[in-house]
Amino acid sequence: MLRWQGQGVLGVRVHATRSLYQDFRQRFAKAMRFVLTRILFADSWTLGSLATAYGYHCWTCEDTVRAPGIKVPGKTAIPAGNYRVVVDYSPKFGRMLPHLLGVPGFDGIRIHPGNTAQDTEGCILPGSIPGTIGVLNSREAFGHLYQLLQQSEPHSITIINGK
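Residues numbered from 1 in each chain as written. Predicted model: local features only at pLDDT ≥ 70, side-chain atom pairs only at ≥ 80, totals over all residues. Heavy atoms only, no water.

(A) Fine view of the environment of C61. With respect to the element layout, C61 can be found in strand β5 (residues 57-62). In this structure, the C-alpha to C-alpha distance between C61 and G127, residues 66 residues apart in sequence, is 7.7 Å. With residues near it in sequence (within four places) discarded, C61 still touches W45, T46, N115, T116, A117, C123, I124, L125, G134 and V135. (Helix = DSSP H or I, 4+ residues; strand = E, 2+ residues; numbered from the N terminus. Contact = heavy atoms within 4.5 Å.)

(B) Region of interest: the sheet that holds strand β6 (residues 81-90). Sheet architecture is open: 7 strands sit in the order β7-β6-β11-β3-β4-β5-β8, paired in mixed fashion. Two strands lie at the open edges of the sheet, namely β7 (95-101) and β8 (125-127), each paired on one side alone. Looking at each pair of strands side by side, their axes are set apart by 30° on average, direction ignored. Relative to β7, helix α2 (residues 138-151) is tilted by about 75°, and along the sheet it contacts β3 (32-41), β4 (46-52), β5, β6, β7, β8 and β11 (155-161). (Pairing = 2+ DSSP bridges. Axes fitted to C-alpha atoms, helices over the stretch in contact; angles between N-to-C directions.)

(C) Local environment of the packing of aromatic side chains. Taken as a whole, this structure holds 2 aromatic pairs when the rule is applied. Residues F34 and Y56 carry aromatic rings whose centres are separated by 6.4 Å and whose planes lie at 90° to one another, so their mutual orientation is edge-to-face. Note that F34 is positioned in strand β3 and Y56 in the loop between β4 and β5, a separation of 22 residues in sequence. Overall, the relative accessible area of 3% leaves F34 in the buried class. Positioned over the ring face of F106 is K71, at 4.1 Å from the centre of the ring. (Phe/Tyr/Trp six-rings, centres within 6.5 Å; stacked < 30°, edge-to-face > 60°. Buried < 20%, exposed > 50% of the residue type's maximum accessible area, 1.4 Å probe, protein only. Lys NZ or Arg CZ within 6 Å of the ring centre and 35° of its normal.)

(D) Region of interest: the pattern of salt bridges. In this structure the tally under the stated criterion is 3 salt bridges. Note that E62 and R38 form a salt bridge whose closest N and O atoms lie 2.8 Å from each other. On the criterion of sequence distance, the pair formed by E62 in strand β5 and R38 in strand β3 is long-range, its members being 24 residues apart. Since its relative accessible area comes to 0%, E62 is described here as buried. With a relative accessible area of 1%, R38 lands in the buried category. K92 is the salt-bridge partner of E121, the closest N and O atoms lying 3.6 Å from each other. (Salt bridge = Lys/Arg side-chain N within 4 Å of Asp/Glu carboxyl O.)

Structure follows, in structure tokens:
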């Protein structure tokens, strides 16, 4: 527990107790910035590491990263860059999901559960364990990510092509 004592409004002595989680939420809930670093570029999929400055981490699976201007529909990862993220209703999935806005050449890019590039058409799939052709425990990783997104806004994601 975090404890604080001091002068409150009108000079009345105040004693407050908050959990560390509540303190964290108050201080950092204004904005959540994610950084996705792509680290493994295979012929049919891409492995990445998704993190925040506040300690959240998971792995990601995406379609193949291609040269700028080359797009194979349903089999190409979105371009590296900075994107705004909102949580809104996805007609395709029939539920609320994170949605990346302003992705050049792409519409409806989401973050959703899935394990391999076969489960995506340009979207980002989170997982808690990297696999040989994708990620594992995607629903669990997505659940944690979704909870973070529910706690704050605005959100952004920076996607970097590593080496």
